[in-house]
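# Descriptive analysis of the structure
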Amino acid sequence: MKKIAVLVSGGGTNLQALIDYEKSHSDCPYTIAVVISDHKDAYALERAKNAAIPCEIASPYAVMGAENAKQATREEKRLAVSDRVLSICSKFGVCGIVQAGWLTLLSGRILDDYKNRIINLHPALLPKFGGVGMWGHHVHEAVLAAGEKESGCTIHLVSGECDGGKILIQKKVPVLAGDTPDTLYARIAPQEHEAIVEATIMLATELA
């Protein structure tokens, strides 16, 4: 099995899908070596602990210290977090990285050291509704405001561009009359869980 790191920021439902698949399939090609969060209070960390998976915090405050983080630019914080993630991945012997609801744009050396070995889940059909500020409910609100007839999720390779990189998998759902961001998300979420597992298996298999 190939060791992967899962990067999280929130509730961790997609992390849970990866954990559940690994536990229920003896032929699973990946094993989650570490979960890294850029938020110390992310519930995803509880999911990792419940599964006995090591957890690490890579928030700007944890990496830089409170005072330095307050004074740092967005780019400085992104680079500090990215370098910390790289250090953690090296420590755990990680071969591939899965961004499962991770909100910090990676930059610097990690993009070279893990080129074509980092995947990201986005809750819309890229290239539509991607970029800075397009995450979580903001994406679903934008989809509904645009009058789209379908939405879904995308798994793509990570590049230095926000929500850029080669698209690997897309899964679609209809947008229904009367949908709210919550009802649309509820329809997309199961597709996210399938897509993240499918893409992680793909990643681990290609690393073999």
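Small disclaimer: the values here were computed from a predicted structure and weren't measured. (Residues numbered from 1 in each chain as written. Predicted model: local features only at pLDDT ≥ 70, side-chain atom pairs only at ≥ 80, totals over all residues. Heavy atoms only, no water.)

## Thoughts on the layout of surface pockets
Filter applied, for reference: Lining residues are those with an atom within 4 Å of a point, where the points come from a 1 Å grid over the protein atoms alone and group into cavities, where a 1.4 Å probe fits but cannot get out, or pockets, open sets with protein on both sides within 12 Å along at least five of seven lines. Grid points are joined across faces, edges and corners, and a volume is the space filled by probe spheres set on the points. By the criteria applied, helices consist of DSSP H or I runs no shorter than four residues and strands consist of E runs no shorter than two, each listed in order from the N terminus. When residues are sorted by character, Ala, Val, Leu, Ile, Met, Phe, Trp, Tyr, Cys and Pro go into the nonpolar class, Asp, Glu, Lys and Arg into the charged class, and all the rest, Gly among them, into the polar class.
Estimated volume of the largest pocket: approximately 1100 Å³. Lining the largest pocket are 46 residues, and of these Gly-101, Trp-102, Leu-103, Thr-104 and Trp-135 sit closest to its centre. Those elements giving two or more residues to the lining of the largest pocket turn out to be helix H1 (13-24), helix H5 (74-91), strand S5 (118-122), helix H7 (137-145) and helix H8 (181-207). By residue class, the composition of the lining of the largest pocket is 18 nonpolar, 20 polar and eight charged.

## Section: the nonpolar core
The criterion, for reference: Residues enter a nonpolar core if they are buried and are Ala, Val, Leu, Ile, Met, Phe, Trp, Tyr or Cys, with the set joined through side-chain atoms within 4.5 Å. Here's how the labels work: a residue is buried when its accessible area is under 20% of the maximum for its type, exposed when over 50%, partly exposed in between, all with a 1.4 Å probe on protein chains only. Only heavy atoms enter the contact rule, under which two residues are in contact if any of them lie within 4.5 Å.
Counting 39 residues, the largest nonpolar core has Val-6, Leu-15, Leu-18, Ile-32, Val-35, Ile-155 and Ile-196 as its most contacted members. A per-element tally of this core places H8 first, with nine residues. Excluding residues within four positions of it along the chain, Ile-196 makes contact with Asn-14, Ala-17, Leu-18, Val-98, Gln-99, Ala-100, Leu-121 and Ile-155. Ranked by size, the runner-up nonpolar core spans 21 residues in total, among them Val-34, Val-85, Cys-89 and Phe-92.

## What to know about the packing of aromatic side chains
To describe a pair of aromatic rings, one takes the distance between the centres and the angle between the planes. Condition: For Phe, Tyr and Trp, where Trp contributes only its six-membered ring, two rings pair if their centres lie within 6.5 Å, and the inter-plane angle classes them as stacked under 30 degrees, edge-to-face over 60, or tilted in between.
Per the stated rule, a full pass over the model turns up one aromatic pair. A ring pair is formed by Tyr-21 and Tyr-30, whose centres lie 6.4 Å apart and whose planes are at 25 degrees; its orientation type is stacked. Tyr-30 gets classed as buried once you look at its relative accessible area, which sits at 0%.

## A closer look at the pattern of salt bridges
Where we set the bar: Each reported salt bridge corresponds to a side-chain nitrogen of Lys or Arg within 4 Å of a carboxyl oxygen of Asp or Glu.
For the structure on display, the rule yields 11 salt bridges. The closest approach of N and O atoms between Glu-148 and Lys-128, which form a salt bridge, is 3.0 Å. A residue pair is termed long-range when its members are at least 10 positions apart, and Glu-148 in the loop between H7 and strand S6 (150-157) and Lys-128 in the loop between S5 and H7 qualify at 20 residues. Relative accessible area serves as the criterion here: at 45%, Lys-128 is assigned to the partly exposed category. Lys-172 is the partner of Glu-150 in a salt bridge, and the nearest nitrogen-oxygen pair spans 3.7 Å. Of this pair, Glu-150 sits in strand S6 while Lys-172 sits in strand S7 (residues 167-174), placing them 22 residues apart in sequence. Judged by its relative accessible area of 37%, Glu-150 falls in the partly exposed class. A relative accessible area of 52% means that Lys-172 is categorised as exposed. Salt bridges sharing partners connect three or more residues here, namely Glu-56, Arg-84 and Lys-91.

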